[in-house]
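Report on the structure
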Amino acid sequence: MATSAFISKPDVTLNMLARGGETGVEDHRILMVGQLTTAGTASAGLFQDVPRNNADINAAFGPRSHAAMIARAVRKVNKYTEMDALLLADATGTAATASGILLGTATAAGTIYLDVVSSTDHSYKVDIEVGDDEAAVMVKILAKTSVDTSAPFTGAKSTVTNTDDTITFTAANDGTFANKWLIRLRGTMPAGITFTLTGWASGATDPTITSVFDPVANIRYQTIIWPGTYTTSILQTWIDARKNVDNDIKDGVAFYWTDDTFSNVKTEALARNTSEIVILHNETQSTATYKGPHIPEAPDVIAAQFAATRAKRFEASVSITDIVTSIEPLDQFGGIHTAALPYFNTLLPYLEQPVRGTGLTQAEQAELRGAGVSVIGANELNNGILAGTVVTTYQNDGAGNDDDSWQFLNWRDTHSIVREYFHANIKAHFAQYRMSTGEAVPGYAIATEGLVRAYAVKLYTQLAAKAITVDSRDALKSFREDMIVTAVPSLRKFDCYFDVPVLSQAEKFLGSVRFNFGITTS
């Protein structure tokens, strides 16, 4: 640049500096795992930035694929959070099947609904007329299922005899996940004709997942959606190793729905014992007209919708009024403050209600909660789906001592936000500082014990304003007094310890109520 050729005094040079101030936490990311089909353009491996609309999802993963089903479920709830997918090709396995046998000829008219996999997305209304035999009803069912091109299954007439017709539904992907799917008949079959259901079964051989997480070793995901029938030990090994890492933040929480017996679900949760996994469940149903999860939806979709809902709560300034029951104004928008907002009574508006009167009892829910299982179910009027108390599977420390540090997902998430906020801002604020055991000279970047302590107090008060840490003089005093900051110049480090008072959740109100007759006169 040319210099001025004229006299200009005094010399004035003003450098442009960054605005400064504190930084926030890292943007939320979701990672989903699922199986694709050859009908899509994507290949097995890491697929980054899953589309926000169904058409693009279907084109990439194959419209009938397991992966597309999960991705559509997430985007139905949350179009804001960035999501990547670990896509798996089918192993040489077996696809699960379900079936229904039609028998007889209708002597009355009626309407039925056949729900396959999902009462929300794959429900088929069939009008039966007087005189319709099994073949006629079969034609009507196939006419409905054949035009549902995003169903994760296909339907076909598989058996024809002189007295009955059988329709068989076959999952579009091989593997075990479809063994837990729904098949359900709503309405009453007209007199003269019957429809006998057989639940999903015989799916076998999941993809090899030994190295499934290799492509995302250097990417942080706060929310992970895991198929409930896959081996969970591989997931746990990967996710537990990310909880505490050197010079970085990599922690996240994985979610999956387990559709199994009460005792098996408890056993699964107790085997995990980690703060980084949340197992979702409610009672499995098996009746003549209903075979599948308590909530009439694919288990992986239920998990995906809850995970997407949690991620949406963390999206700053995004309206979350449709998923929270709090009516306080600042709780109507997402952000880090939702880490402390109870997960119980979080609404799941895109899930269909279960059969009224079914599901786990209050005592059974409490027993599962104590074992590290989170229950999702209907509200008291059975006109909405919501989360109960959401817990992690963490039960005890490595020595086997009972430890409730991260029993509740809210406690775990709040702790994570505090740690990340301190980490990110200490790293940014002290990016190029000298170290001194004396006083800081004004105008120079010099870190002292006092300066680090004062900055930690500043971060604490900022989090208090976001409803994360406790906003009181006593709490701040406790934080100051318990804080340890020690300068070690010979090692170019500060040893730091922060004991941070955080908010909890108002889940129980216990007391007694008496009555009297008011003021009486003798």
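Since this is a predicted model, take the numbers as computed values, not measurements.

1. What to know about the overall build of the chain
Counting its secondary structure elements, the chain contains 10 helices and 21 strands. Principal axes of the C-alpha set define a box for the chain whose edges measure 105 × 95 × 50 Å. The buried share of the chain, taken over its 522 residues, is 47%. Once local pairs closer than 6 in sequence are excluded, the contacts in the chain between residues at least 24 apart make up 69%. Per element, the accessible surface of the chain, about 25300 Å² overall, is 52% carbon and sulfur. Seen as two clouds, the 42 positive and the 56 negative side-chain charges of the chain have centres 5 Å apart.

2. A closer look at the nonpolar core
Membership of the largest hydrophobic core comes to 96 residues, with the highest contact counts inside it found for Phe61, Phe153, Trp181, Phe195, Trp200, Phe306 and Phe479. For Phe479, the contacting residues outside a window of four places in its chain are Phe422, Ala456, Val457, Tyr460, Phe498, Asp499, Val500 and Pro501. One finds Val33, Tyr221, Leu235 and Ala269 within the second-largest nonpolar core, a separate group that totals 26 residues.

3. Thoughts on the packing of aromatic side chains
One pass over the full model with this rule turns up 19 aromatic pairs. Seen from their ring centres, Tyr394 and Trp406 are 5.1 Å apart, and the 65 degrees between their planes marks the pair as edge-to-face. Here the residue Tyr394 occupies a position in the loop between β17 (385-387) and α8 (409-429), and Trp406 occupies one in the loop between β17 and α8, the gap between them amounting to 12 residues. Linked through ring pairs, Phe153, Phe169, Phe177, Trp181 and Trp200 together constitute an aromatic cluster. Looking at Lys243, its charged tip hangs above the ring of Tyr394, at a distance of 5.9 Å from the centre. Positioned above the aromatic ring of Trp406, the side-chain terminus of Lys243 is 3.2 Å from the ring centre.

4. Side note on the environment of Ala85
Positionally, Ala85 belongs in strand β3 (residues 82-88). Its relative accessible area of 0% is what places Ala85 among the buried residues. Between the C-alpha atoms of Ala85 and Met32, which are 53 residues apart in sequence, the distance is 4.8 Å.

5. Thoughts on the environment of Val117
Looking at the secondary structure, you find Val117 in the loop between β5 (110-116) and β6 (123-128). The exposure class assigned to Val117 is buried, which follows from its relative accessible area of 1%. Val117 has contacts with Met69, Pro152, Phe153, Trp181, Leu182, Trp200, Pro296, Glu297 and Ala298, leaving out every residue within four places of it along the chain.

6. Describing the sheet that holds strand β4 (residues 95-104)
Read from one edge to the other, the open sheet built from four strands follows the order β7-β8-β4-β10, with strand pairing classed as antiparallel. At either end of the open sheet lies a strand with only one pairing partner, and these are β7 (153-160) and β10 (193-201). Sheet twist, expressed as the mean angle between neighbouring strand axes with direction ignored, is 20 degrees. As paired elements, β4 and strand β8 (residues 164-174) share eight bridges and run antiparallel to each other. Directly across from Ser99, in β8, lies its bridge partner Thr168.

7. Remarks on helix α5 (residues 262-272)
Listed in full, the buried residues belonging to α5 are Val265, Glu268, Ala269 and Arg272. All buried residues of α5 fall inside an arc of 95 degrees around its axis, so they share one side. Those residues of α5 hidden inside the fold are in contact with α4 (232-241), β12 (253-257), β13 (277-281), α7 (362-371) and β16 (373-378). Phi for Asn273, located one or two positions after α5, is positive at around 50 degrees.

Definitions and cut-offs
- Residues numbered from 1 in each chain as written.
- Predicted model: local features only at pLDDT ≥ 70, side-chain atom pairs only at ≥ 80, totals over all residues.
- Heavy atoms only, no water.
- Helix = DSSP H or I, 4+ residues; strand = E, 2+ residues; numbered from the N terminus.
- Buried < 20%, exposed > 50% of the residue type's maximum accessible area, 1.4 Å probe, protein only.
- Contact = heavy atoms within 4.5 Å.
- Areas by Shrake-Rupley, 256 points an atom, 1.4 Å probe, with all protein chains shown as cover.
- Lys, Arg positive; Asp, Glu negative; His and termini not counted.
- Charge placed at Lys NZ, Arg CZ, Asp CG, Glu CD.
- Core = buried A, V, L, I, M, F, W, Y, C linked by side-chain atoms within 4.5 Å.
- Phe/Tyr/Trp six-rings, centres within 6.5 Å; stacked < 30°, edge-to-face > 60°.
- Lys NZ or Arg CZ within 6 Å of the ring centre and 35° of its normal.
- Pairing = 2+ DSSP bridges.
- Axes fitted to C-alpha atoms, helices over the stretch in contact; angles between N-to-C directions.
- Arc of directions from axis to C-beta.

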